[in-house]
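# Structural features, examined
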Amino acid sequence: MSSAWENFFAATVVLASAGPIKHRLVEAYREHLADLEEDELPREIRDEFSSLSSAMCCVRPMKGENAIQATVRKMSDLEAGGFAVRIVGMLGVLARLQAAQRAPKLRAVGED
């Protein structure tokens, strides 16, 4: 899971940087999330990631652009912001899962 966490963290850093939201969304998804395989992700975010991935590549590109760029070009800034929120939300789930794995397991020990 750490690889997925690292990818989502890197995407979130891009989303939090300066510049137009559409440009940041294209870069974050293309550079850090587009190549992730669903089976690399925990089941808790697979459906959300699958939905996001399908939605990010649904417009036929014009000459000189890819499907991600074409899809985001057709979005409003508000829609692009919504996709950014979804990415950050998935990072949150990954962070909680990673923290839960690292939490010490306590058990009651009886006196003998």
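Residues numbered from 1 in each chain as written. Predicted model: local features only at pLDDT ≥ 70, side-chain atom pairs only at ≥ 80, totals over all residues. Heavy atoms only, no water.

## Observations regarding the packing of helix α3 (residues 43–55) against helix α5 (residues 77–102)
Running from N to C, α3 and α5 point in directions that differ by 160°, and their axes come no closer than 11 Å. Taken together, the axes of α3 and α5 lie roughly antiparallel to each other. Once α3 is placed against α5, the crossing between them reads as left-handed. Where α3 approaches α5, its residues E44, I45, E48, F49, S51, L52 and A55 are matched on the opposing element by F83, R86, I87, M90, V93, L94 and L97. When its residues are assigned to classes, the contact of α3 with α5 shows 10 nonpolar, one polar and three charged. (Axes fitted to C-alpha atoms, helices over the stretch in contact; angles between N-to-C directions. Helix = DSSP H or I, 4+ residues; strand = E, 2+ residues; numbered from the N terminus. Parallel < 35°, antiparallel > 145°, perpendicular 65-115°, else oblique. Left-handed = near helix turned anticlockwise from the far one by under 90°. Contact = heavy atoms within 4.5 Å. Nonpolar A, V, L, I, M, F, W, Y, C, P; charged D, E, K, R; others polar.)

## Observations regarding a negative patch on the surface
Where like charges cluster on the molecular surface, the negative patch consists of D35, E37, E38, D39, E40 and D47. Residue placement: E37 occurs in the loop between α2 (21–33) and α3. Here E37 falls in the partly exposed class, since its relative accessible area comes to 47%. (Patch = residues over 30% accessible without salt bridge, like charges linked within 9 Å, V, L, I, M, F, W, Y side chains within 5 Å. Areas by Shrake-Rupley, 256 points an atom, 1.4 Å probe, with all protein chains shown as cover. Salt bridge = Lys/Arg side-chain N within 4 Å of Asp/Glu carboxyl O. Lys, Arg positive; Asp, Glu negative; His and termini not counted. Charge placed at Lys NZ, Arg CZ, Asp CG, Glu CD. Buried < 20%, exposed > 50% of the residue type's maximum accessible area, 1.4 Å probe, protein only.)

## What about the pattern of salt bridges?
Taken as a whole and judged by the stated rule, the model has four salt bridges. Close ionic contact of R30 with E27 constitutes a salt bridge, the shortest N to O distance being 2.6 Å. With a gap of three residues between them, R30 and E27 both fall in helix α2, about one helical turn apart. On the basis of relative accessibility, which here comes to 30%, the residue R30 falls in the partly exposed class. Notably, a salt bridge pairs R73 with E65, separated by 2.7 Å at the nearest N-O pair. A relative accessible area of 36% means that R73 is categorised as partly exposed. Each member of the salt-bridge network shares a partner with another, and the members are E27, R30 and E31.

## Things to note about α5
The end-to-end C-alpha separation of α5 is 38 Å, in line with the 38 Å expected for 26 residues at 1.5 Å each. When α5 is considered as a whole, its buried residues turn out to be A80, F83, A84, I87, M90, L91, L94 and Q98. (Expected span 1.5 Å × (residues − 1).)

## Observations concerning the side chain of T71
With respect to the helices and strands, the residue T71 is situated in helix α4 (residues 67–74). The residues touching T71, leaving out its near neighbours within four places in the chain, are A55, M56, C57, C58 and V59.

## Some details on the packing of α2 against α5
In the contact formed by α2 and α5, the axes pass within 9 Å of each other and the chain directions differ by 35°. Between α2 and α5 lies a crossing of left-handed hand. When α2 is examined against α5, the residues I21, K22, L25 and L33 are found in contact with a partner set consisting of D77, A80, G81, F83, A84 and I87. Class assignment for the residues of the contact of α2 with α5 results in seven nonpolar, one polar and two charged.

Fair warning: the whole summary comes from geometry, so function is off the table for now.
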